Amino acid sequence: MKTIIVGGVAGGMSAATRLRRLDETADISVFERGHYVSFANCGLPYYVGGVISDRGDLLLQTPESLAARFRLDVRVDHEVTAIDRDAKTVTVRQTRSGAETTESYDRLILAAGALARTGITPAGLATRTLRTVDDVDHITALLAGVTGQASAVVIGAGFIGLEAVENLVHRGVHVTLVEFGSQVFGPFDAEMAAPIFDELLVHGVDVRLNTTVVASADGGVELSDGSVVPADLVIDSVGVLPDTSLAARAGITIGASGGIQVDGSQQTNDPSIYAVGDGVEKIDAIDGSGVLITMAGLANRHGRATADSIAGEPGEASPALGTAILGLFGLTAAMVGWSEKRILGQGRAHRVVHTHPASHATYYPGAEGMSMKLLIDPVTDAILGAQIVGGSGVDKRIDILATAMTGGLTASALTRLELAYAPQYSSAKDPINQLGYVAENLAAGTTRALQWHELAAARDAGAVLVDVRSAGEFAAGNIPGAINVPLDEIRERLPDLPDGPLIVHCQVGQRGHTAARILSQGGLDVRNLDGGYRTWTAGVTSLSLMPTRDSNSERIPA
Ligand SMILES: Cc1cc2nc3c(=O)[nH]c(=O)nc-3n(C[C@H](O)[C@H](O)[C@H](O)COP(=O)(O)OP(=O)(O)OC[C@H]3O[C@@H](n4cnc5c(N)ncnc54)[C@H](O)[C@@H]3O)c2cc1C
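The rules behind these values
Residues numbered from 1 in each chain as written. Predicted model: local features only at pLDDT ≥ 70, side-chain atom pairs only at ≥ 80, totals over all residues. Helix = DSSP H or I, 4+ residues; strand = E, 2+ residues; numbered from the N terminus. Buried ≥ 20, exposed ≤ 12 C-beta atoms within 10 Å, placed from the backbone. Domains from an automatic or database assignment. Contact = placed C-beta atoms within 7 Å. Nonpolar A, V, L, I, M, F, W, Y, C, P; charged D, E, K, R; others polar. Axes fitted to C-alpha atoms, helices over the stretch in contact; angles between N-to-C directions. Left-handed = near helix turned anticlockwise from the far one by under 90°. Pairing = 2+ DSSP bridges. Near = placed C-beta within 6 Å. UniProt positions renumbered as here; feature names shortened; annotations may be inferred. Parallel < 35°, antiparallel > 145°, perpendicular 65-115°, else oblique. Expected span 1.5 Å × (residues − 1).

(A) Looking closely at the overall build of the chain. A tally of helices and strands in the chain yields 15 helices and 29 strands. Counting the 558 residues in the chain, one finds 46% classified as buried.

(B) Region of interest: the domain arrangement of the chain. What the domain assignment lists for the chain is domain 1 (2-115 + 241-310), domain 2 (133-238), domain 3 (330-444) and domain 4 (449-544). Its C-alpha centre places domain 3 at a distance of 23 Å from the equivalent point of domain 4. Each side of the interface is counted separately: domain 3 has six residues, and domain 4 has eight residues. The element that contributes the greatest number of residues to the side of domain 3 that touches domain 4 is strand β22 (residues 351-355), accounting for four residues. The class makeup of the residues in the side of domain 3 that touches domain 4 is three nonpolar, three polar and no charged.

(C) Region of the structure containing the packing of helix α1 (residues 10-22) against helix α8 (residues 296-310). Running from N to C, α1 and α8 point in directions that differ by 35 degrees, and their axes come no closer than 7 Å. Handedness of the crossing formed by α1 with α8: right-handed. Contacts from Ala 10, Gly 11, Gly 12, Ser 14, Ala 15, Arg 18, Leu 19 and Leu 22 of α1 reach α8 at Ala 296, Ala 299, Asn 300, His 302, Gly 303, Arg 304, Thr 306, Ala 307 and Ile 310. When the residues that make up the contact of α1 with α8 are grouped by side-chain class, the tally is eight nonpolar, seven polar and two charged.

(D) Region of the structure containing the sheet that holds strand β4 (residues 78-84). Read across the open sheet, the three strands follow the order β4-β5-β6; overall the sheet is antiparallel. Strand pairing shows two members of the sheet lacking a second neighbour, β4 and β6 (100-104), which therefore form its edges. Going across the sheet, the axis of each strand differs from the next one's by a mean of 30 degrees, ignoring polarity. Summarising the sheet, strand β5 (residues 89-94) and β6 pair through five bridges and their orientation is antiparallel. By the bridge assignment, Val 90 is partnered in β6 with Glu 103.

(E) Spotlight on the pairing of strand β12 (residues 213-217). Two elements, β12 and strand β13 (residues 220-223), share four bridges in a ladder whose sense is antiparallel. Looking across to β13, one finds that Ala 215 is bridged to Glu 222. The turn linking β12 back onto β13 is made up of two residues, and Gly 219 within it adopts a positive phi angle of 75 degrees.

(F) Expanded view of the site of the ligand. Contacts to the ligand come from 32 residues, most closely from Gly 7, Val 9, Gly 11, Gly 113 and Gly 277. The set of elements that each furnish at least two residues to the shell around the ligand consists of α1, β2 (27-32), α2 (44-48), β4 and α8. Each residue belonging to the shell around the ligand can be placed in one class, and the counts come to 16 nonpolar, 10 polar and six charged.

(G) Focus on the pairing of β5. Sheet topology places β4 next to β5; six bridges connect them, and they run antiparallel. Within β5, the position partnered with Val 80 by the bridge is Val 92. Linkage of β4 to β5, two consecutive antiparallel strands, is achieved through a turn of four residues, within which Lys 88 is found at a positive phi near 55 degrees. Counting the residues between successive antiparallel strands, the hairpin from β5 to β6 contains five residues, one of them, Gly 98, with a positive phi of roughly 85 degrees.

(H) The UniProt feature "domain: Rhodanese" (unreviewed entry) in the chain, seen in detail. What UniProt calls "domain: Rhodanese" (unreviewed entry) maps, in this numbering, to residues 459-545. Across residues 459-545 one finds 38% helix and 16% strand; the C-alpha atoms that close the span lie 23 Å apart.

(I) Representation of the packing of helix α6 (residues 190-202) against helix α15 (residues 532-544) within the structure. In contact at an axis separation of 8 Å, α6 and α15 are set at 85 degrees when each is read in the N-to-C sense. Considering the angle they form, α6 stands roughly perpendicular to α15. Between α6, through Ala 190, Glu 191, Ala 193 and Ala 194, and α15, the contact on the second element is made entirely by Thr 535, Ala 538, Gly 539, Thr 541 and Ser 542. Of the residues that constitute the contact of α6 with α15, the class distribution is four nonpolar, four polar and one charged.

(J) Spatial organisation of helix α5 (residues 159-170). Compared with the 16 Å implied by 1.5 Å per residue over 12 residues, the 17 Å span of α5 between its first and last C-alpha is a close match. Within α5, 10 of the 12 residues are buried, leaving the element largely enclosed by the surrounding structure. Every buried residue of α5 is listed here: Phe 159, Ile 160, Gly 161, Leu 162, Glu 163, Ala 164, Val 165, Glu 166, Asn 167 and Leu 168. Buried residues in α5 make contact with α2, β9 (151-155), β10 (174-178), α6, β15 (233-236) and β20 (324-328). Note on α5: the residue one or two positions beyond its end, Gly 172, has a positive phi of about 90 degrees.

(K) Representation of the sheet that holds strand β24 (residues 383-390) in the model. Judged by pairing direction, the sheet is antiparallel, and its five strands sit side by side in the order β20-β21-β24-β23-β22 without closing on themselves. Of all the strands in the sheet, the pair left with one neighbour each is β20 and β22. With direction set aside, neighbouring strand axes in the sheet form an average angle of 10 degrees. Here six bridges tie strand β21 (residues 331-337) to β24, and the two strands are oriented antiparallel to one another. The residue of β24 that forms the bridge with Ala 333 is Val 389.

Take a look at the structure:
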């Protein structure tokens, strides 16, 4: 059985090595059009920043090392240019000499990855992507040649753009980040992205939202707001698209999302051809739809699954949750499942919980804060997605939630997870348990909540806002028009409160919940502002960054 693999990095090489482990007799050839195989593309930004100082550390394997350990025939600088499905052959062009050969296969695995999106930055502008070893060689050489402080423009504030920004700053480069949208880190909901925006400003990044690069200018680039910013280097990180050209030319079905369509065993519409990685449409774990998610874990997992299928040991289909994490200076931002934006786009009913716990017991030194958002199906109590941003402990919590979603736990079931606790690691009620408590209270009707963006409409309809924080907290910053009744005085002041609907809030939602319980048991109509003042502030700040605001949306304080 001869297997040919197109693309020799994450998905392709996982398939190749797994197949060898399953079958010592398999004939396996890998064609890679680039000069490097199995390189650490996720590490590339950190080489630019000097965090990874040895370029050799990026090159995890060579054709020689793969031949020695796995008896793989790996050919770099070889591009597969055509597939003849009837003859079961591929045309291979040696990129350096141009020489072409024809190779036959019994099974073909397409692992060609993604290509940088084009047509967004202006034609003729000298930009560089950050996707390959050649890219980082070019970027580091260019920066090394600049006398004085170098400056760079990064276009696109997604995962790779933000990693590029962090590493350029780390290297001492002055960075302007240009983002077409009204928030940084588009996969997040706007209020959860607010701390990321702040972190960029703290580190001196010139962030331009609602802006594009329109042309090159003397010593830099011209932006759509009319300004000219300096740029020795322009990094184009506006996103990627699946590289499906080879597959499409061969009549392989491309899904509606734009990626190659595969079934649960990574098989395409041609039973001899499999596809994995960034070029492939994933099966969404929430609704089974076709979706584009370009992450290394999925490429590796699906590469392995493809080898299992080819070796006759197919496993269970593994749909994608889109679990992802970003490090940005001292901040970590992570997500799993659907964002609220996506849920709203689907018109799907949902419930939201915001919390702001500490990474571990606050009496133990070094606790760091985090903001969490959980999205829940209000009918089934299923977890639809989560986002977390903050300091230490974000990575652990997002992985717990990804595990819970994979295992089909409901939001309320998070209360019952018995998680490891000592004060330097967590709290006796871990932030995950706390999310569950809030979710369970909402599901049971113990508390009624209101989201930050619903506040203005509720007040317009006559609700009175009661801030239950201390007088000192209230004085330090408050929601305009709120009355301050500290939680510890609320029972005594119950008779003073209006009979009509009340909304209570505290700093993060917890004291507000207690206040809501006291007031509702006193017969009042009360809702707790979810996530408290902190979520509301993040929300209205994110709205203030938008170019036009809906007049029905939240008011921005003067
Ligand atoms: C800078 C950067 C940082 C990243 N960081 C993370 C991260 O932290 N976490 C994470 O989960 N993901 C990260 N990713 C994404 C991750 O690297 C990809 O999801 C993963 O590499 C996809 O694997 P793949 O095999 O589909 O494609 P790739 O790894 O891109 O490999 C595809 C290969 O196929 C080759 N090829 C294409 N067409 C042909 C052809 N016709 N003939 C021969 N060869 C061909 C290409 O040259 C390429 O080398 C990052 C990506 C980049 C660029």
